[in-house]
Amino acid sequence: MIPIIRNWIDRYFHNEEAVLLLVLLTLSFLIIWTIGNDLGPALIAVVIAFLMQGMVHWLKQKGMPHIAAVVLAILLLMGAMLSILFFLIPVVWKQSTILVAELPSMLTQGRELLLHLPEQYPSFISEEQIEQLIRHVSAELATIGQNILSVSLSNLPVLLIILLYFILVPLLVFFFLKDSEGMLQWVGSLLPKERPIMSKIWVEMNQQIANYVRGKVTEILLVAAVSCISFIIMDLKFAILLGLAVGLSVVIPYIGAVVVTLPVLLIGYFQWGFGSELAVLTIVYLVIQALDGNVLVPVLFSEAVKLHPVAIILAVLVFGGLWGFWGVFFAIPLATLVKAITNAWPTRSASAIVEEEAAAEYSNAVEN
């Protein structure tokens, strides 16, 4: 057993840079795993910095000084954040409270609909099962309502957290955009001068992560905007809230679209019942999802991410379970990073190890 382990170590960890890379990855994993929630403002700032880096470069190409381009980008960012704070968040909060208030009546309608199922399909489902399902859903809704009520009653800490984010995030984005080159040089000074493996991985990942972040944020904004406009035109209740949910659902590939379908169609049913309006809503929603998957995603990401759908779903499950929302958001870049590390990792074949051991034994025999 020991020779097998030794051969495995000789094969994959014969290079000093590989050992250093393993140590850095382990430390990064432990830091994000233990204090990842506390690093929320920094992670948001990194995402926004990647998003706005292209605009800063474009302004510099137009002749604007670097610091002026960064300041203009930050001013636009603060304007967008203030618009969200004073216009979007109040609308979403109002629609959320109205939705919670209407949940009991929706539950009553759903109960009446479900109670007809045992009459139509007695061999598949019983009335007792329906009652258990209704009790479970009622308990979950009551818990959600209590959580929302507790948040509304203790909204001062929530406001303080929002205020903290609105101060820290633009400040961090400003320094990330202003001093990004200096920060990268400082990190590079802490690493070995000769680092071909890390350089290969960095070159492959830097552009891919930037393209992914910009593409994903653009996809969220476009899908949310089109969904909100479509739902408003159809006079669907909670149009802004549902539109944002559809936009955020693209963060989770494949799974998000399936999960958000249920609330959209349920709200449509409780508002209109079975009829032409619900059919139109279903068609519009399916068209939005089809355009997103078959037109928007290929245009935004093109060849940036080459991963099998199974690998993407597994990455969402693994990294989402480890780091929550940010693990889900960065699941595809992290999976791409794992792939890049696997491709760049130096290995020695078994024959090369045998030849080196034979050469070492021959050298020792000659010396003796």
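Residues numbered from 1 in each chain as written. Predicted model: local features only at pLDDT ≥ 70, side-chain atom pairs only at ≥ 80, totals over all residues. Heavy atoms only, no water.

**Some remarks on the nonpolar core**
Here is step 1: In terms of nonpolar packing, the biggest core is built from 43 residues, with Phe231 and Phe329 touching the most fellow members.
Here is step 2: Going through the elements one at a time, α3 (40-61), α4 (66-115), α9 (196-233), α10 (239-249), α11 (255-272), α12 (276-301), α13 (309-329) and α14 (331-344) are the ones with two or more residues in this core.
Here is step 3: With near-sequence residues (within four places) excluded, phenylalanine 329 lies in contact with Val47, Tyr212, Lys216, Val217, Ile220 and Val251.
Here is step 4: By size, the runner-up hydrophobic cluster in this structure holds 16 residues, among which are Ala45, Ala69, Val169 and Val173. (Core = buried A, V, L, I, M, F, W, Y, C linked by side-chain atoms within 4.5 Å. Buried < 20%, exposed > 50% of the residue type's maximum accessible area, 1.4 Å probe, protein only. Helix = DSSP H or I, 4+ residues; strand = E, 2+ residues; numbered from the N terminus. Contact = heavy atoms within 4.5 Å.)

**Notes on the packing of helix α2 (residues 16-35) against α9**
Here is step 1: Running from amino to carboxyl end, α2 crosses α9 at an angle of 50°, the nearest separation of the two axes being 9 Å. The orientation of α2 relative to α9 falls into the category oblique. On α9, the residues touching Glu17, Ala18, Leu20, Leu21 and Leu24 of α2 are Pro196, Ile197, Met198 and Ile201. (Axes fitted to C-alpha atoms, helices over the stretch in contact; angles between N-to-C directions. Parallel < 35°, antiparallel > 145°, perpendicular 65-115°, else oblique.)

**Here's the deal with α2**
Here is step 1: With 20 residues, α2 ought to run about 28 Å at 1.5 Å a step, and its terminal C-alpha atoms sit 29 Å apart, in line with that.
Here is step 2: For α2, the complete set of buried residues consists of Glu17, Ala18 and Leu21. All buried residues of α2 lie within an arc of 95° about the axis, which places them on one face of the element. Across from the buried face of α2, at angles greater than 90 degrees, the exposed residues are Glu16 and Thr34. (Expected span 1.5 Å × (residues − 1). Arc of directions from axis to C-beta.)

**Here we look at the pattern of salt bridges**
Here is step 1: One pass over the structure, following the stated rule, counts 3 salt bridges.
Here is step 2: One salt bridge connects lysine 237 with glutamate 102, and the closest N-O pair in it is separated by 3.7 Å. Of this pair, lysine 237 sits in the loop between α9 and α10 while glutamate 102 sits in helix α4, and the two are 135 residues apart along the sequence.
Here is step 3: In this structure, the salt-bridge partner of lysine 216 is glutamate 219, at a minimum N-O distance of 3.2 Å. Linking lysine 216 with glutamate 219, this pair stays in helix α9, spanning 3 residues, or about one helical turn. Across the pair, exposure class does not vary: lysine 216 and glutamate 219 are buried alike. (Salt bridge = Lys/Arg side-chain N within 4 Å of Asp/Glu carboxyl O.)

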